[in-house]
Amino acid sequence: MEKVKRKRRIRIGRLMLLIVGILLCALLLIGGVFAIKNLFKKDIIAAEFANAKTELKLEDDSINNQVYEEKDPDSDEMLIYALHLPTFSNSDAQQKLDAFVEEIKNEKARVTHIDYESNSAFSQYKSYVVTATTYADLDGLNPINPQTTKQLYISFDQDKMINIEDCIRMKAIRQQAKDHSCETENVLLKKITEDGLVLNVNGEDVDFGYDENNTSFVMDNQNIPSILKYDKIEVEKREIDPNKPMIAFTFDDGPAPGNTERILAALEKVGGRATFFELGYLMETYPDTVRAIVESGSEVASHSYDHTYDWMNGMSLETAVADLDKVDDIFFSLTGQDISLFRPPFGASIKSLSDTITEKIVYWDVDTRDWESKNTEKVIEMCKKYTYNGAIVLFHDIHATTIPAVEQLIEYYDSQGYQFVTVSELYEAKGK
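Everything in this summary refers to the structure shown in the same document. Once a new chain begins, its residue numbering starts again from 1 and follows that chain's sequence as written. Local features in this predicted model are restricted to residues whose pLDDT is 70 or higher, and side-chain atom pairs enter the listing and the counts only when it is 80 or higher, whereas totals over whole chains, interfaces and linings include all residues. Only heavy atoms go into the side-chain values, all of them from the structure, while hydrogens and water stay out.

1. What to know about the overall build of the protein chain
Of regular secondary structure, the protein chain possesses 12 helices and 17 strands. By the burial criterion, 46% of the 432 residues in the protein chain qualify as buried. Any two residues having at least one pair of non-hydrogen atoms within 4.5 Å are treated as being in contact. Of the contacts made within the protein chain by residues no fewer than 6 positions apart, 66% connect residues no fewer than 24 positions apart. Carbon together with sulfur atoms contributes 50% to the accessible area of the protein chain, which is approximately 22,800 Å² in total. Secondary structure elements follow DSSP: runs of H or I no shorter than four residues count as helices, runs of E no shorter than two count as strands, and numbering proceeds from the N terminus. Relative accessibility decides the category of a residue: with a 1.4 Å probe and only protein chains considered, values under 20% of the type maximum give buried, values over 50% give exposed, and everything between is partly exposed. Computed with the Shrake-Rupley method and a 1.4 Å probe, the accessible areas treat only the protein chains shown as cover for residues.

Take a look at the structure:
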(Lines give C-alpha, C1' and ligand atoms only; values in the text may rest on other atoms or scores of the structure.)
Protein backbone atom coordinates (compact mmCIF):
# COMPACT_ATOMS: atom_id res chain seq x y z
CA MET A 1 0.00 0.00 0.00
CA GLU A 2 2.83 2.40 0.81
CA LYS A 3 4.31 1.97 -2.65
CA VAL A 4 1.02 3.00 -4.19
CA LYS A 5 0.85 6.13 -1.99
CA ARG A 6 4.36 7.16 -2.99
CA LYS A 7 3.54 6.80 -6.66
CA ARG A 8 0.48 8.99 -6.19
CA ARG A 9 2.54 11.62 -4.35
CA ILE A 10 5.11 11.58 -7.17
CA ARG A 11 2.40 11.91 -9.79
CA ILE A 12 0.77 14.82 -7.88
CA GLY A 13 4.15 16.53 -7.52
CA ARG A 14 4.84 16.18 -11.24
CA LEU A 15 1.36 17.49 -12.00
CA MET A 16 1.96 20.54 -9.81
CA LEU A 17 5.28 21.21 -11.50
CA LEU A 18 3.61 20.85 -14.87
CA ILE A 19 0.86 23.32 -13.88
CA VAL A 20 3.39 25.80 -12.52
CA GLY A 21 5.41 25.43 -15.70
CA ILE A 22 2.36 26.00 -17.86
CA LEU A 23 1.46 29.10 -15.81
CA LEU A 24 4.98 30.49 -16.14
CA CYS A 25 4.94 29.89 -19.87
CA ALA A 26 1.56 31.58 -20.11
CA LEU A 27 2.81 34.59 -18.17
CA LEU A 28 5.88 34.81 -20.35
CA LEU A 29 3.76 34.48 -23.46
CA ILE A 30 1.35 37.20 -22.30
CA GLY A 31 4.26 39.50 -21.43
CA GLY A 32 5.84 38.81 -24.78
CA VAL A 33 2.61 39.48 -26.61
CA PHE A 34 2.15 42.71 -24.68
CA ALA A 35 5.69 43.78 -25.48
CA ILE A 36 5.28 42.80 -29.13
CA LYS A 37 1.93 44.56 -29.20
CA ASN A 38 3.48 47.78 -27.89
CA LEU A 39 6.35 47.45 -30.30
CA PHE A 40 3.88 46.76 -33.08
CA LYS A 41 1.91 49.90 -32.12
CA LYS A 42 5.08 51.96 -32.16
CA ASP A 43 6.08 50.53 -35.50
CA ILE A 44 2.64 51.29 -36.95
CA ILE A 45 2.76 54.83 -35.58
CA ALA A 46 6.29 55.31 -36.84
CA ALA A 47 5.49 53.97 -40.30
CA GLU A 48 2.33 55.99 -40.60
CA PHE A 49 3.77 59.21 -39.21
CA ALA A 50 7.02 59.06 -41.12
CA ASN A 51 5.15 58.78 -44.41
CA ALA A 52 5.35 62.11 -46.25
CA LYS A 53 2.03 63.78 -46.97
CA THR A 54 3.34 65.53 -50.05
CA GLU A 55 5.12 64.25 -53.10
CA LEU A 56 6.55 67.68 -53.87
CA LYS A 57 10.32 67.75 -53.38
CA LEU A 58 11.76 71.25 -53.35
CA GLU A 59 15.28 71.63 -54.59
CA ASP A 60 16.33 73.73 -51.59
CA ASP A 61 14.88 71.28 -49.08
CA SER A 62 16.42 68.34 -47.40
CA ILE A 63 14.26 66.15 -45.20
CA ASN A 64 14.80 65.43 -41.52
CA ASN A 65 12.94 62.16 -40.85
CA GLN A 66 13.13 60.83 -37.29
CA VAL A 67 11.23 58.36 -35.09
CA TYR A 68 12.55 57.98 -31.55
CA GLU A 69 11.68 57.61 -27.87
CA GLU A 70 12.55 59.76 -24.89
CA LYS A 71 11.82 59.15 -21.21
CA ASP A 72 9.89 61.90 -19.45
CA PRO A 73 11.89 62.56 -16.25
CA ASP A 74 8.76 63.75 -14.45
CA SER A 75 6.60 60.69 -15.07
CA ASP A 76 9.10 58.00 -16.22
CA GLU A 77 6.82 57.39 -19.22
CA MET A 78 8.34 56.74 -22.62
CA LEU A 79 7.30 59.42 -25.13
CA ILE A 80 7.32 58.71 -28.86
CA TYR A 81 8.25 61.35 -31.46
CA ALA A 82 7.69 60.95 -35.17
CA LEU A 83 9.07 63.91 -37.12
CA HIS A 84 8.97 64.49 -40.84
CA LEU A 85 10.36 67.98 -41.39
CA PRO A 86 12.29 70.08 -43.89
CA THR A 87 15.69 71.52 -43.07
CA PHE A 88 16.54 75.01 -44.28
CA SER A 89 19.67 76.73 -45.45
CA ASN A 90 18.01 79.93 -44.25
CA SER A 91 19.00 80.18 -40.58
CA ASP A 92 16.02 82.36 -39.62
CA ALA A 93 13.59 79.77 -40.99
CA GLN A 94 15.46 76.92 -39.28
CA GLN A 95 15.43 78.73 -35.93
CA LYS A 96 11.68 79.35 -36.17
CA LEU A 97 11.05 75.70 -37.06
CA ASP A 98 13.29 74.40 -34.26
CA ALA A 99 11.55 76.67 -31.74
CA PHE A 100 8.15 75.39 -32.89
CA VAL A 101 9.25 71.74 -32.50
CA GLU A 102 10.59 72.41 -28.98
CA GLU A 103 7.36 74.18 -28.05
CA ILE A 104 5.33 71.12 -29.08
CA LYS A 105 7.71 68.67 -27.38
CA ASN A 106 7.32 70.60 -24.12
CA GLU A 107 3.67 69.51 -24.07
CA LYS A 108 4.97 65.98 -23.29
CA ALA A 109 2.21 64.04 -25.05
CA ARG A 110 2.60 60.23 -25.20
CA VAL A 111 2.92 60.45 -28.98
CA THR A 112 3.90 63.54 -30.99
CA HIS A 113 3.69 63.63 -34.76
CA ILE A 114 4.97 66.66 -36.68
CA ASP A 115 4.64 66.71 -40.45
CA TYR A 116 4.61 69.36 -43.17
CA GLU A 117 3.28 70.26 -46.58
CA SER A 118 5.10 72.53 -48.98
CA ASN A 119 4.33 74.52 -52.10
CA SER A 120 6.45 76.41 -54.63
CA ALA A 121 5.48 79.37 -56.82
CA PHE A 122 7.40 81.07 -59.65
CA SER A 123 10.64 79.34 -58.52
CA GLN A 124 10.87 82.16 -55.97
CA TYR A 125 8.41 81.70 -53.15
CA LYS A 126 8.08 78.58 -51.04
CA SER A 127 5.37 77.95 -48.48
CA TYR A 128 5.58 75.47 -45.63
CA VAL A 129 2.70 74.50 -43.38
CA VAL A 130 4.00 72.49 -40.43
CA THR A 131 1.35 70.61 -38.44
CA ALA A 132 1.79 69.06 -35.02
CA THR A 133 -0.62 66.36 -33.82
CA THR A 134 -0.32 65.03 -30.28
CA TYR A 135 -1.86 61.89 -28.79
CA ALA A 136 -2.68 60.94 -25.20
CA ASP A 137 -1.84 57.23 -25.66
CA LEU A 138 0.26 54.90 -27.79
CA ASP A 139 -2.63 53.86 -30.03
CA GLY A 140 -2.38 57.04 -32.05
CA LEU A 141 -6.18 57.05 -32.20
CA ASN A 142 -7.08 59.83 -29.78
CA PRO A 143 -5.54 63.12 -30.94
CA ILE A 144 -5.40 65.94 -28.45
CA ASN A 145 -7.28 68.81 -30.07
CA PRO A 146 -6.74 71.27 -31.52
CA GLN A 147 -3.88 70.56 -33.88
CA THR A 148 -1.14 73.16 -33.84
CA THR A 149 0.16 74.63 -37.08
CA LYS A 150 3.08 76.84 -38.03
CA GLN A 151 3.42 78.63 -41.36
CA LEU A 152 6.84 79.46 -42.81
CA TYR A 153 7.30 81.39 -46.07
CA ILE A 154 10.59 82.01 -47.78
CA SER A 155 11.62 84.13 -50.74
CA PHE A 156 14.65 82.16 -51.84
CA ASP A 157 15.90 84.63 -54.40
CA GLN A 158 16.45 87.05 -51.50
CA ASP A 159 17.09 84.28 -48.95
CA LYS A 160 14.75 85.81 -46.39
CA MET A 161 11.65 84.96 -44.45
CA ILE A 162 8.49 86.74 -45.57
CA ASN A 163 5.12 87.34 -43.92
CA ILE A 164 1.67 88.38 -45.06
CA GLU A 165 2.58 92.08 -45.07
CA ASP A 166 5.39 91.30 -47.54
CA CYS A 167 2.73 89.92 -49.90
CA ILE A 168 -0.38 92.10 -49.71
CA ARG A 169 -1.16 95.64 -48.62
CA MET A 170 -2.19 96.36 -45.06
CA LYS A 171 -5.40 97.84 -46.42
CA ALA A 172 -6.32 94.47 -47.92
CA ILE A 173 -5.53 92.76 -44.62
CA ARG A 174 -7.74 95.23 -42.75
CA GLN A 175 -10.54 94.69 -45.26
CA GLN A 176 -10.36 90.90 -44.88
CA ALA A 177 -10.51 91.31 -41.10
CA LYS A 178 -13.49 93.64 -41.41
CA ASP A 179 -15.31 91.31 -43.80
CA HIS A 180 -14.86 88.39 -41.37
CA SER A 181 -15.48 90.41 -38.18
CA CYS A 182 -12.08 89.65 -36.69
CA GLU A 183 -8.80 91.35 -35.81
CA THR A 184 -6.02 91.77 -38.38
CA GLU A 185 -3.92 89.33 -36.31
CA ASN A 186 -6.39 86.63 -37.39
CA VAL A 187 -5.58 87.15 -41.09
CA LEU A 188 -2.71 84.81 -41.91
CA LEU A 189 -0.83 83.76 -45.02
CA LYS A 190 -1.24 80.03 -45.65
CA LYS A 191 0.03 79.35 -49.15
CA ILE A 192 1.63 81.15 -52.10
CA THR A 193 0.64 79.70 -55.47
CA GLU A 194 0.95 80.78 -59.09
CA ASP A 195 -2.75 81.75 -59.13
CA GLY A 196 -2.80 83.73 -55.92
CA LEU A 197 -2.52 83.41 -52.18
CA VAL A 198 -4.47 81.23 -49.81
CA LEU A 199 -5.24 83.20 -46.65
CA ASN A 200 -6.48 81.82 -43.38
CA VAL A 201 -8.97 84.36 -42.09
CA ASN A 202 -10.36 83.69 -38.63
CA GLY A 203 -9.81 79.95 -39.17
CA GLU A 204 -11.33 79.85 -42.67
CA ASP A 205 -9.31 79.38 -45.89
CA VAL A 206 -9.88 82.21 -48.38
CA ASP A 207 -8.56 82.30 -51.97
CA PHE A 208 -6.99 85.68 -52.78
CA GLY A 209 -6.33 85.64 -56.53
CA TYR A 210 -3.87 87.88 -58.35
CA ASP A 211 -6.28 88.91 -61.11
CA GLU A 212 -9.26 89.80 -58.89
CA ASN A 213 -7.10 91.73 -56.41
CA ASN A 214 -4.62 93.33 -58.75
CA THR A 215 -4.10 96.51 -56.66
CA SER A 216 -3.46 94.61 -53.43
CA PHE A 217 -0.12 92.87 -54.00
CA VAL A 218 3.32 94.07 -52.96
CA MET A 219 5.32 91.04 -54.07
CA ASP A 220 8.38 91.73 -56.20
CA ASN A 221 7.70 89.38 -59.10
CA GLN A 222 6.89 90.25 -62.71
CA ASN A 223 4.09 87.67 -62.75
CA ILE A 224 2.28 89.33 -59.86
CA PRO A 225 0.56 92.72 -60.36
CA SER A 226 1.70 95.64 -58.21
CA ILE A 227 1.03 99.39 -58.42
CA LEU A 228 4.19 100.23 -56.45
CA LYS A 229 6.35 102.62 -58.52
CA TYR A 230 9.14 103.37 -56.03
CA ASP A 231 11.13 101.47 -53.44
CA LYS A 232 9.07 100.65 -50.38
CA ILE A 233 9.89 102.90 -47.41
CA GLU A 234 10.49 101.14 -44.09
CA VAL A 235 10.12 103.21 -40.92
CA GLU A 236 11.18 101.90 -37.53
CA LYS A 237 8.51 102.16 -34.86
CA ARG A 238 9.53 104.29 -31.88
CA GLU A 239 8.53 104.15 -28.24
CA ILE A 240 6.36 106.91 -26.79
CA ASP A 241 6.42 107.62 -23.05
CA PRO A 242 2.75 107.60 -22.00
CA ASN A 243 3.63 109.43 -18.78
CA LYS A 244 5.05 112.48 -20.53
CA PRO A 245 2.83 115.18 -22.10
CA MET A 246 2.31 114.83 -25.84
CA ILE A 247 0.81 116.79 -28.66
CA ALA A 248 -0.19 115.88 -32.24
CA PHE A 249 0.33 118.65 -34.80
CA THR A 250 -1.65 117.95 -37.98
CA PHE A 251 -1.52 119.70 -41.34
CA ASP A 252 -4.26 119.72 -43.99
CA ASP A 253 -4.41 120.37 -47.75
CA GLY A 254 -0.76 119.66 -48.65
CA PRO A 255 1.80 118.65 -49.54
CA ALA A 256 3.27 122.11 -50.10
CA PRO A 257 6.90 121.87 -51.26
CA GLY A 258 9.14 124.22 -49.29
CA ASN A 259 6.62 124.78 -46.51
CA THR A 260 6.29 121.08 -45.67
CA GLU A 261 10.06 120.57 -45.63
CA ARG A 262 10.48 123.49 -43.17
CA ILE A 263 8.03 121.82 -40.78
CA LEU A 264 9.90 118.52 -41.08
CA ALA A 265 13.21 120.28 -40.33
CA ALA A 266 11.76 121.95 -37.22
CA LEU A 267 10.38 118.62 -35.98
CA GLU A 268 13.68 116.86 -36.61
CA LYS A 269 15.47 119.29 -34.26
CA VAL A 270 13.36 118.06 -31.33
CA GLY A 271 12.97 114.44 -32.43
CA GLY A 272 9.32 115.08 -33.23
CA ARG A 273 6.79 113.81 -35.73
CA ALA A 274 3.45 115.00 -37.07
CA THR A 275 0.56 113.88 -39.29
CA PHE A 276 -0.08 115.37 -42.73
CA PHE A 277 -3.60 114.99 -44.16
CA GLU A 278 -2.85 115.22 -47.88
CA LEU A 279 -4.85 115.74 -51.05
CA GLY A 280 -4.41 112.97 -53.61
CA TYR A 281 -3.81 115.17 -56.64
CA LEU A 282 -1.02 117.02 -54.80
CA MET A 283 0.56 113.71 -53.83
CA GLU A 284 0.72 112.89 -57.53
CA THR A 285 2.21 116.32 -58.25
CA TYR A 286 4.83 116.29 -55.47
CA PRO A 287 5.88 112.69 -54.87
CA ASP A 288 9.30 113.64 -53.47
CA THR A 289 7.69 115.70 -50.70
CA VAL A 290 5.36 112.83 -49.83
CA ARG A 291 8.27 110.42 -49.59
CA ALA A 292 10.26 112.93 -47.51
CA ILE A 293 7.42 113.05 -44.95
CA VAL A 294 7.35 109.27 -44.63
CA GLU A 295 11.13 108.89 -44.54
CA SER A 296 11.27 111.40 -41.67
CA GLY A 297 9.00 109.17 -39.61
CA SER A 298 6.01 111.49 -39.82
CA GLU A 299 2.65 110.20 -40.97
CA VAL A 300 0.69 110.78 -44.17
CA ALA A 301 -3.09 110.46 -44.02
CA SER A 302 -5.91 111.12 -46.49
CA HIS A 303 -7.84 114.38 -46.91
CA SER A 304 -9.64 113.25 -50.10
CA TYR A 305 -8.43 113.53 -53.67
CA ASP A 306 -9.17 117.21 -54.39
CA HIS A 307 -11.26 118.57 -51.47
CA THR A 308 -14.53 118.35 -53.42
CA TYR A 309 -15.59 115.53 -51.12
CA ASP A 310 -18.77 117.00 -49.61
CA TRP A 311 -21.79 115.22 -48.13
CA MET A 312 -23.71 118.48 -48.23
CA ASN A 313 -23.64 118.41 -52.03
CA GLY A 314 -25.11 114.92 -52.21
CA MET A 315 -22.00 112.79 -52.53
CA SER A 316 -22.92 109.11 -52.44
CA LEU A 317 -21.27 106.54 -50.21
CA GLU A 318 -19.92 104.70 -53.26
CA THR A 319 -18.32 107.88 -54.61
CA ALA A 320 -16.75 108.65 -51.24
CA VAL A 321 -15.27 105.15 -50.93
CA ALA A 322 -13.91 105.31 -54.50
CA ASP A 323 -12.34 108.68 -53.69
CA LEU A 324 -10.58 107.23 -50.64
CA ASP A 325 -9.39 104.18 -52.56
CA LYS A 326 -7.93 106.43 -55.26
CA VAL A 327 -5.93 108.45 -52.72
CA ASP A 328 -4.75 105.32 -50.94
CA ASP A 329 -3.58 103.77 -54.22
CA ILE A 330 -1.62 106.93 -55.07
CA PHE A 331 0.09 106.95 -51.69
CA PHE A 332 0.87 103.25 -51.86
CA SER A 333 2.36 103.58 -55.34
CA LEU A 334 4.78 106.21 -53.96
CA THR A 335 5.77 104.65 -50.64
CA GLY A 336 4.66 101.02 -50.42
CA GLN A 337 2.60 101.94 -47.37
CA ASP A 338 -1.14 102.20 -46.79
CA ILE A 339 -3.09 105.09 -45.34
CA SER A 340 -4.84 104.29 -42.07
CA LEU A 341 -6.38 107.70 -41.19
CA PHE A 342 -8.84 109.98 -42.98
CA ARG A 343 -9.93 113.53 -42.22
CA PRO A 344 -12.99 114.54 -44.24
CA PRO A 345 -12.88 117.98 -45.86
CA PHE A 346 -14.77 120.46 -43.63
CA GLY A 347 -14.94 117.71 -41.01
CA ALA A 348 -18.10 116.42 -42.68
CA SER A 349 -18.85 112.69 -42.59
CA ILE A 350 -21.64 110.20 -41.97
CA LYS A 351 -21.75 106.99 -39.95
CA SER A 352 -22.27 104.78 -43.00
CA LEU A 353 -18.85 105.85 -44.26
CA SER A 354 -17.03 105.02 -41.03
CA ASP A 355 -18.83 101.65 -41.00
CA THR A 356 -17.66 100.92 -44.57
CA ILE A 357 -14.04 102.06 -44.83
CA THR A 358 -10.99 100.57 -43.09
CA GLU A 359 -9.45 104.01 -42.38
CA LYS A 360 -10.11 105.62 -38.99
CA ILE A 361 -11.81 109.03 -39.28
CA VAL A 362 -9.91 111.78 -37.45
CA TYR A 363 -11.09 115.28 -36.51
CA TRP A 364 -9.27 117.77 -34.26
CA ASP A 365 -9.35 119.23 -30.76
CA VAL A 366 -7.86 122.66 -31.51
CA ASP A 367 -8.44 124.66 -34.71
CA THR A 368 -5.81 127.41 -34.98
CA ARG A 369 -7.91 128.98 -37.76
CA ASP A 370 -4.70 129.72 -39.65
CA TRP A 371 -6.73 129.46 -42.85
CA GLU A 372 -8.83 132.42 -41.68
CA SER A 373 -6.36 134.79 -40.01
CA LYS A 374 -3.30 134.09 -42.14
CA ASN A 375 -1.45 135.82 -39.30
CA THR A 376 1.53 134.20 -37.61
CA GLU A 377 1.00 135.78 -34.17
CA LYS A 378 -2.71 134.93 -34.09
CA VAL A 379 -1.95 131.32 -34.97
CA ILE A 380 0.53 131.12 -32.08
CA GLU A 381 -1.97 132.76 -29.74
CA MET A 382 -4.80 130.36 -30.70
CA CYS A 383 -2.59 127.32 -30.24
CA LYS A 384 -1.22 128.35 -26.83
CA LYS A 385 -4.68 129.38 -25.58
CA TYR A 386 -6.46 126.10 -26.31
CA THR A 387 -3.88 123.31 -26.59
CA TYR A 388 -3.50 120.73 -23.80
CA ASN A 389 -1.78 117.40 -23.21
CA GLY A 390 -3.06 114.86 -25.73
CA ALA A 391 -4.61 117.44 -28.07
CA ILE A 392 -4.81 117.13 -31.86
CA VAL A 393 -4.06 120.57 -33.32
CA LEU A 394 -5.14 121.63 -36.82
CA PHE A 395 -2.89 123.68 -39.14
CA HIS A 396 -2.60 124.05 -42.92
CA ASP A 397 0.93 123.85 -44.38
CA ILE A 398 -0.19 125.52 -47.61
CA HIS A 399 -0.19 128.95 -45.89
CA ALA A 400 3.19 130.69 -45.71
CA THR A 401 2.17 132.54 -42.52
CA THR A 402 1.59 129.24 -40.73
CA ILE A 403 5.15 127.96 -41.09
CA PRO A 404 6.98 130.44 -38.77
CA ALA A 405 4.17 129.99 -36.24
CA VAL A 406 4.68 126.23 -36.26
CA GLU A 407 8.46 126.62 -35.95
CA GLN A 408 8.05 128.81 -32.86
CA LEU A 409 5.38 126.56 -31.35
CA ILE A 410 7.59 123.48 -31.76
CA GLU A 411 10.37 125.24 -29.82
CA TYR A 412 7.89 126.39 -27.16
CA TYR A 413 6.22 123.03 -26.51
CA ASP A 414 9.55 121.23 -26.61
CA SER A 415 10.76 123.55 -23.81
CA GLN A 416 7.63 122.55 -21.86
CA GLY A 417 8.59 118.86 -22.10
CA TYR A 418 6.03 117.84 -24.75
CA GLN A 419 6.55 114.94 -27.13
CA PHE A 420 5.54 115.66 -30.75
CA VAL A 421 3.69 112.55 -31.93
CA THR A 422 1.68 111.38 -34.90
CA VAL A 423 -2.05 110.83 -34.49
CA SER A 424 -1.51 107.07 -34.66
CA GLU A 425 1.14 107.26 -31.93
CA LEU A 426 -1.20 109.40 -29.81
CA TYR A 427 -4.08 106.95 -30.22
CA GLU A 428 -1.88 104.03 -29.27
CA ALA A 429 -0.41 105.80 -26.25
CA LYS A 430 -3.86 106.88 -25.03
CA GLY A 431 -5.51 103.55 -25.84
CA LYS A 432 -7.93 105.03 -28.39
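Having seen it, we continue.
2. Thoughts on the nonpolar core
What we call a nonpolar core is a set of buried Ala, Val, Leu, Ile, Met, Phe, Trp, Tyr and Cys residues that are connected through their side-chain atoms within 4.5 Å. In this structure, Phe249, Phe251, Met283, Phe395 and Tyr413 are the most contacted members of the largest nonpolar core, which totals 36 residues. Taken together, the elements giving at least two residues each to this core come down to strand S10 (246–254), helix H4 (259–269), helix H6 (287–295), helix H7 (317–335), helix H10 (376–386), strand S16 (392–396) and helix H11 (402–415). Here this core gets 6 residues from one element, more than from any other, and that element is H11. Not counting the four nearest positions on each side in its chain, Phe251 is found in contact with Ile263, Ala274, Thr275, Phe276, Phe277, Phe395, Asp397 and Val406.

3. Some thoughts on the sheet that holds strand S8 (residues 196–201)
Backbone-to-backbone hydrogen bonds join strands into a sheet, with any given pair of strands oriented parallel or antiparallel. Spatially, S7-S8-S9 is the arrangement adopted by the 3 strands of the open sheet, whose pairing is antiparallel. The sheet is open, and its two edges are formed by strand S7 (187–192) and strand S9 (204–209), each paired on a single side. Across this sheet, the average inter-strand angle for adjacent strands is 30 degrees, counted without regard to direction. Whether two strands pair depends on DSSP finding at least two bridges between them. Strand direction decides the pairing type here: S7 and S8, joined by 5 bridges, are antiparallel. Note that in S8 the partner of Val187 across the bridge is Val201. Axis geometry follows a simple rule: fit a line to the C-alpha atoms, using only the stretch in contact for helices, then measure angles between N-to-C directions, giving values from 0 to 180 degrees.

4. Structural notes on the side chain of Asn200
Inspection of the secondary structure assignment puts Asn200 in strand S8. Contacts described as polar in this section are N or O atom pairs within 3.5 Å, which, within protein, must combine one atom able to donate a hydrogen with one able to accept it, while residues neighboring in sequence count only if both atoms come from side chains. Polar contacts involving the side chain of Asn200 include one to the side chain of Asp205, which spans 3.0 Å. Look past the residues within four positions of Asn200 in its chain and what remains in contact with it is Asn186, Val187, Leu188, Lys190 and Asp205.

5. A closer look at the packing of H6 against H7
H7 packs onto H6 with a crossing angle of 75 degrees between their chain directions and a minimal axis gap of 10 Å. It follows from the interaxial angle that H6 and H7 lie roughly perpendicular. Judged by residue contacts, Pro287, Val290, Arg291 and Val294 of H6 engage Phe331, Leu334 and Thr335 from H7. When residue character is reported, Ala, Val, Leu, Ile, Met, Phe, Trp, Tyr, Cys and Pro are called nonpolar, Asp, Glu, Lys and Arg charged, and the others, Gly included, polar. Here the contact of H6 with H7 is built from residues that sort into 5 nonpolar, 1 polar and 1 charged. Should an angle fall under 35 degrees it is called roughly parallel, over 145 degrees roughly antiparallel, and 65 to 115 degrees roughly perpendicular, with every other angle called oblique.

6. A word on the environment of Ser118
Relative to the assigned elements, Ser118 resides in strand S3 (residues 111–121). Residue classification places Ser118 among the buried residues on the basis of a relative accessible area of 10%. Taking the C-alpha atoms as reference points, Ser118 and Val130, separated by 12 residues in sequence, lie 8.6 Å from one another.

7. Structural notes on the packing of aromatic side chains
We call Phe, Tyr and Trp rings a pair once their centres come within 6.5 Å, taking the six-membered ring for Trp, and we label the pair stacked below 30 degrees between planes, edge-to-face above 60, and tilted otherwise. As enumerated under the stated definition, the model contains 14 aromatic pairs in all. With a centroid separation of 4.9 Å and 65 degrees between ring planes, the pair formed by Tyr210 and Phe217 is classed as edge-to-face. You can call Tyr210 buried: its relative accessible area is 3%. What makes Phe217 buried here is its relative accessible area of 0%. Each ring, one from Phe251 and one from Phe276, has its centre 5.1 Å from the other, and the planes form 20 degrees; the classification is stacked. Here Phe251 is found in strand S10, whereas its partner Phe276 is found in strand S11 (residues 275–278), with 25 residues between them in sequence. With relative accessibility at 0%, the residue Phe251 sits in the buried group. Residue Phe276 is classed as buried on the basis of its relative accessible area, which comes to 0%. By the ring-pair criterion, three or more aromatic residues cluster together here, those being Phe249, Phe251, Phe276, Phe395, Tyr412, Tyr413, Tyr418 and Phe420. Lys105 extends its terminal NZ or CZ atom over the ring of Tyr81, reaching a point 5.0 Å from the ring centre. By definition, being over a ring means that NZ of Lys or CZ of Arg is both within 6 Å of the ring centre and within 35 degrees of the ring normal. Note that Lys384 overlies the ring of Tyr412, its terminal NZ or CZ placed 4.2 Å from the centroid.

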